[in-house]
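Architecture and fold: a report
Chain residues, written in single-letter form:
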Amino acid sequence: MDEKRALQSVLRLLSGGGRRDPAAEMAREVLSGRMTLREAGNSLAYGEMFTQAVADAAATMEATTPQQRAEAQAALAHAADVLDPPPTPPVAPTRRRAPVDDDWDESVTSPWDDR
């Protein structure tokens, strides 16, 4: 899985939250380049949010079976493509060929025509 693309997709998804949503604000800061994700995690403003998210994730992982974990990992392997599909190359419009002026003169023959 392309982790960088998945991270960017999740950050773009989070950034759509409201003005007072700390996760949305943090995502906008990271996407704009004013802050790295590491700086956000270490900051006083967003550190508690990361700590709580990690605690919630750990509790969820402990409650799952190995089969459920394997299924979750398989689903996450395709998360980047679902959240942020890879760009498709632009399709050039098909050009219609302009009619060619047919300046062929039927009266002119080749010297080889009389063989």
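Owing to the predicted nature of the structure, the values given are computational and were not obtained by experimental measurement.

Analysis parameters
Residue indices begin from 1 for each chain and proceed along its sequence in written order. Residue-level local features of this predicted model are given only where pLDDT is at least 70; pairs of side-chain atoms are given and counted only at 80 or more, and the full residue set underlies all totals for whole chains, interfaces and linings. Here the side-chain values reflect all heavy atoms present in the structure, with hydrogen atoms and water set aside. Each salt bridge in this description consists of a side-chain nitrogen of Lys or Arg and a carboxyl oxygen of Asp or Glu lying within 4 Å of one another. When a residue's accessible area, from a 1.4 Å probe over protein chains only, is under 20% of the maximum for its type it is buried; when over 50% it is exposed; and in between it is partly exposed. Axis lines are fitted through C-alpha atoms, for helices just across the contact stretch, and the angle between N-to-C directions can take any value from 0 to 180 degrees. By the criteria applied, helices consist of DSSP H or I runs no shorter than four residues and strands consist of E runs no shorter than two, each listed in order from the N terminus. Between 65 and 115 degrees an angle is taken as roughly perpendicular, under 35 as roughly parallel, over 145 as roughly antiparallel, and anywhere else as oblique. Should the near helix be turned counterclockwise from the far one by less than a right angle, the crossing is left-handed, whereas a clockwise turn marks it as right-handed. The criterion used for residue contact is that any of the two residues' heavy atoms lie within 4.5 Å. What is meant by a nonpolar core is a set of buried Ala, Val, Leu, Ile, Met, Phe, Trp, Tyr and Cys residues, joined one to another through side-chain atoms within 4.5 Å. By the criterion applied in these results, polar contacts are pairs of N or O atoms within 3.5 Å in which, for protein atoms, one can donate a hydrogen and the other can accept it, and in which residues neighboring in sequence qualify only through two side-chain atoms. The arc in question is formed by the directions pointing from the helix axis toward the C-beta atoms.

1. Things to note about the pattern of salt bridges
For the structure on display, the rule yields one salt bridge. Put simply, arginine 34 and glutamate 29 hold a salt bridge, and the shortest N to O gap is 3.2 Å. The exposed category is assigned to arginine 34, whose relative accessible area is 57%. Judged by its relative accessible area of 22%, glutamate 29 falls in the partly exposed class.

2. Comments concerning the packing of helix α2 (residues 22–32) against helix α4 (residues 44–62)
Axes are the key here: two packed helices are described by the angle between their axes and the distance separating the axes. Packing of α2 against α4 leaves a shortest axis separation of 10 Å and a crossing angle of 115°. Relative to α4, the element α2 lies roughly perpendicular. When you trace α2 past α4, the crossing you get is left-handed. Of the residues in α4, those touching α2 at Pro22, Ala23, Glu25, Met26 and Glu29 are Tyr46, Met49 and Phe50.

3. Details of the nonpolar core
Of all hydrophobic cores here, the largest spans seven residues; its members are Leu11, Met26, Ala27, Val30, Met35, Ala40 and Tyr46. With three residues, α2 is the single largest residue contributor to this core. Not counting residues within four places of it along the chain, the set of residues in contact with alanine 27 comprises Leu11, Leu14 and Ser15.

4. Here we look at the environment of threonine 64
Within the fold, threonine 64 resides in the loop between α4 and α5 (66–77). Threonine 64 gets classed as partly exposed once you look at its relative accessible area, which sits at 21%. Only 2.8 Å separates the side chain of threonine 64 from the backbone oxygen of methionine 61, close enough to count as a polar contact.

5. Re the side chain of serine 15
Looking at the element boundaries, serine 15 is found in helix α1 (residues 3–15). Dropping the residues within four chain positions of it, serine 15 is found in contact with Ala24, Ala27, Arg28 and Leu31.

6. So, α2
Within α2 the residues assigned to the buried category are Ala23, Ala24, Met26, Ala27 and Val30. For α2, the buried positions fall inside an angular range of 160° around the axis, keeping them on one side. Contact partners of the buried residues in α2: α1, α3 (37–42) and α4. Sitting at the head of α2, aspartate 21 places a side-chain oxygen 3.2 Å from the backbone nitrogen of alanine 23. Directly after α2, the chain includes glycine 33, whose backbone phi takes a positive value near 90°.

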